Amino acid sequence: MASSADIVVKHFRQILIWPLQLMPTPHKDGEHRAMGRQWEAMEEAAAAGSPWQPRPTEFDGDPEQFEERHYREFVTFLPYVQRFLYGENRASNLGSYGHSPLHVFRRTDISTVLMMFKDGAVHHFKVAHIDLYFFYDVDVVILAFEIMGDNLPLKRVQDALFRFGRAFPAQWDEDATAANCLRKVAWLNVDGDVVAESDFEDRAGYLAHLGQYRAPRMAAHWDFLLQPLVLHHSSAVGALRYRQIEYHRMPILAYLAVDDPFKLSEEDFYRLGMVTRPGHSDSQPYTKKMFDEFERTCCYDRFWVPERGHATASTRMMCNGHAFVMVGMHGNEFYSNPYTGILGQFRHQHFLMALIAHFHKAALLMFSDRLAVALSELNLKDVRSIRTFKREIRLLLEGFLRFNQRYWFREVSNQVVSDQLFQMISHHLSTDRLHQDVKDSVQSMNQYLENDDLRRQADTVVRLTVVTVFGLIGTTITSFLGMNLFGLADASGWVKLAYFAMVSVPIVWLIFLTVAKSKVLSEFLDAVSDERISFVHTVKILANIWRKKKS
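Notes on the structure in this doc start here. (Residues numbered from 1 in each chain as written. Predicted model: local features only at pLDDT ≥ 70, side-chain atom pairs only at ≥ 80, totals over all residues. Heavy atoms only, no water.)

**Brief notes about the side chain of His 129**
Topologically, His 129 is positioned in strand E5 (residues 122-135). Looking at His 129, the relative accessible area reads 11%, which means it is buried. Within the local environment of His 129, its side chain forms a polar contact with the side chain of Asp 131, the two groups lying 3.3 Å apart. Polar contacts involving the side chain of His 129 include one to the side chain of Glu 146, which spans 2.9 Å. What His 129 contacts, discounting residues up to four positions off in sequence, is Arg 106, Ala 144, Phe 145, Glu 146 and Arg 347. (Helix = DSSP H or I, 4+ residues; strand = E, 2+ residues; numbered from the N terminus. Buried < 20%, exposed > 50% of the residue type's maximum accessible area, 1.4 Å probe, protein only. Polar contact = N/O pair within 3.5 Å; in protein donor to acceptor, adjacent residues only side chain to side chain. Contact = heavy atoms within 4.5 Å.)

So this is what it looks like as structure tokens:
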């Protein structure tokens, strides 16, 4: 078997999928705050000259020019997923789903990514596309960043997969360079000029930012790329704010085409599938038990039969949740054709399946985070805090209901391969378990609000009952004695008005006093109706009306 150093990747593609949580946007007085409307501000920024511009869909052109690859992509998915991804034609007057809830923005000012590796080597990767996906009614945005390169050593590809998609450095080596990150990353425009570059070496800046905001700072090149979105935990000014919602290593999809994939060793596949750093040929840090577990849980070998050594059985797909990586034969049309082969499926169907799965996880984490924040800010002694809590919980309940009906899918396709790959990705991301956890939390919150409403209604009924009982005494007395205790028929209007005021003021005062003391009075009435309670104890309960509560 050839050494990994001898293997050349003829064609390489890497797609970063970076989910971020969007912070609620400010709302005007008198308007209800809505979730997932940040795309409207992005449209305004696009009109003002932002590099992020709305991306036209394949359905916006001439229907006669509709391409087969888009057709193949569309029919891969089940109807309800098609409506989510593409919407429906609203030309007819019949009821329809309407436009897609996806709002995609693309920037085209960056054409090349410059990567400087730890050994000083520099490689340029062409940018295929850079997109931002916004979702109606959900405060989540996903960055999709696709790069590609040709004729690269396998170890260099492994290193790029391991180091490129990092939002910030986790630590620094003795030589002051960021560990596990590239030495330098730069965005280049079509003329080759540097538009933005990384600042991984600014150790003091990262430490100071974390000390001030209790949140890590994004690397300069990612911060530049996302503008006008700005990091929430920073001094940057902007209405569109985001925060980290997952681990700082961005989820990835990778496509590798080599001349002979059967030459890759078990260790090569493990390092690619688990996205670890490249190893040395004289070291074997992994055991057979680890390889067996990896093949059992992370490898999709429907098209991989190395014993046959045939091109039709030379494609291996690997997924661990964080990464979805495929390796195949470059000369095999089934694998490398960009329109009808697996390469075309990788860039479209497989990408969309991974996008949906990671969106599910990000949205559920967002709901969980917002529920936790609402609870942490609840102060039961502050009426305003209680009202804010109820309003926030009801907003989240509505948002979660819409998420369930519009976005939550357990199946996306009836095609065997697509269905099994989506189930594999979702299983590794544990989205079913996370969805159940969030659902239980939402139901608990809803039950709390319902119980609180019932308690308040019961308190109101008690107060009304107490007022009615004590009012019944006065009503009975006046009914027995008659209403005309005083002959005021011939009295002047001022005298009648004076009598009216003399009677109304104490009655109103008694009513409000009865309401204010209704809780203690209800206890007094319970004591009167309970034969087991002595008369003396009943009197003591009545006397508690005039005692002040201890703070």
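**Things to note about helix H10 (residues 342-376)**
Relative to the 51 Å expected for 35 residues at 1.5 Å per residue, H10 spans 48 Å between its end C-alpha atoms, a close match to the ideal helical length. The sharpest bend along H10 measures roughly 35° and falls at Phe 351. Within H10, 25 of the 35 residues are buried, which leaves it mostly tucked inside the rest of the structure. (Expected span 1.5 Å × (residues − 1). Bend = angle between axes of the 7 residues up to and from the residue.)

**Observations regarding the environment of Cys 298**
Position of Cys 298 among the secondary structure elements: in helix H8 (residues 288-298). Of the residues examined, Cys 298 reaches a relative accessible area of 6% and is grouped as buried. Remark: the alpha-carbon pair of Cys 298 and Met 317, spanning 19 residues in sequence, is separated by 8.4 Å. With near-sequence residues (within four places) excluded, Cys 298 lies in contact with Met 274, Glu 293, Met 317, Met 318, Cys 319, Asn 320, Met 424 and His 428.

**Considering unusual backbone geometry**
For the bond running from Gln 227 to Pro 228, omega is 20°, close enough to zero to count as cis. Among the secondary structure elements, Pro 228 is positioned in the loop between helix H6 (220-226) and strand E9 (230-231). Within the chain, Asn 151 stands out as a residue other than glycine whose phi angle is a positive 55°. A relative accessible area of 51% means that Asn 151 is categorised as exposed. With a phi angle near 55°, Ser 430 is a residue other than glycine that sits in the positive phi range. Structurally, Ser 430 can be placed in the loop between helix H12 (416-429) and helix H13 (431-481).

**Observations regarding the pattern of salt bridges**
Applying the stated criterion to the full structure yields 26 salt bridges. Salt-bridge contacts for Arg 55 lead to Asp 131; the nearest nitrogen and oxygen are separated by 3.3 Å. Here Arg 55 is found in the loop between strand E2 (53-54) and helix H2 (68-76), whereas its partner Asp 131 is found in strand E5, with 76 residues between them in sequence. The class of Asp 131 is buried, set by a relative accessible area of 0%. Sharing partners across several salt bridges, the network here consists of Arg 13, Glu 146 and Arg 347. (Salt bridge = Lys/Arg side-chain N within 4 Å of Asp/Glu carboxyl O.)

**Looking at the packing of aromatic side chains**
All chains considered together, the criterion is met by 33 aromatic pairs. With centroids separated by 5.0 Å and ring planes inclined at 40°, the aromatic side chains of Phe 74 and Tyr 86 adopt a geometry described as tilted. In this pair, Phe 74 sits in helix H2 while Tyr 86 sits in helix H3 (residues 79-86), placing the two residues twelve residues apart along the sequence. Taking relative accessible area as the criterion, Phe 74 reaches 24% and is therefore assigned partly exposed. Taking 6.1 Å as the distance between ring centres and 75° as the angle between the ring planes, the aromatic pair formed by Phe 389 and Tyr 448 counts as edge-to-face. Highlighted residues: Phe 389 in helix H11 (residues 383-406) and Tyr 448 in helix H13, separated in sequence by 59 residues. The exposure class of Phe 389 is buried, given its relative accessible area of 4%. One Lys or Arg, Arg 166, reaches over the ring of Phe 162 and ends 4.7 Å from the middle of that ring. Above the face of the Phe 269 ring, Arg 316 is positioned so that its terminal group lies 4.8 Å from the ring centre. (Phe/Tyr/Trp six-rings, centres within 6.5 Å; stacked < 30°, edge-to-face > 60°. Lys NZ or Arg CZ within 6 Å of the ring centre and 35° of its normal.)

**Re the pairing of E5**
Among the 14 residues that make up E5, ten are buried, leaving the element largely enclosed by the rest of the structure. Where strand E3 (residues 102-106) meets E5, five bridges bridge the pair, whose relative direction is antiparallel. From the neighbouring strand, Leu 102 faces E5, where its bridge partner is Phe 135. Relative to E5, strand E4 (residues 112-116) runs antiparallel, the two sharing five bridges. Along E5, the bridge assignment pairs Met 115 with His 123. The antiparallel hairpin formed by E4 and E5 contains five residues in its connecting segment, where Gly 120 sits at a positive phi of about 90°. In this structure, E5 lies alongside strand E6 (residues 138-153), joined through nine bridges in antiparallel fashion. Looking across to E6, one finds that Phe 135 is bridged to Val 138. With antiparallel pairing between neighbouring strands as the criterion, E5 and E6 make up a hairpin whose turn holds two residues, including Asp 137 at a positive phi of roughly 75°. (Pairing = 2+ DSSP bridges.)

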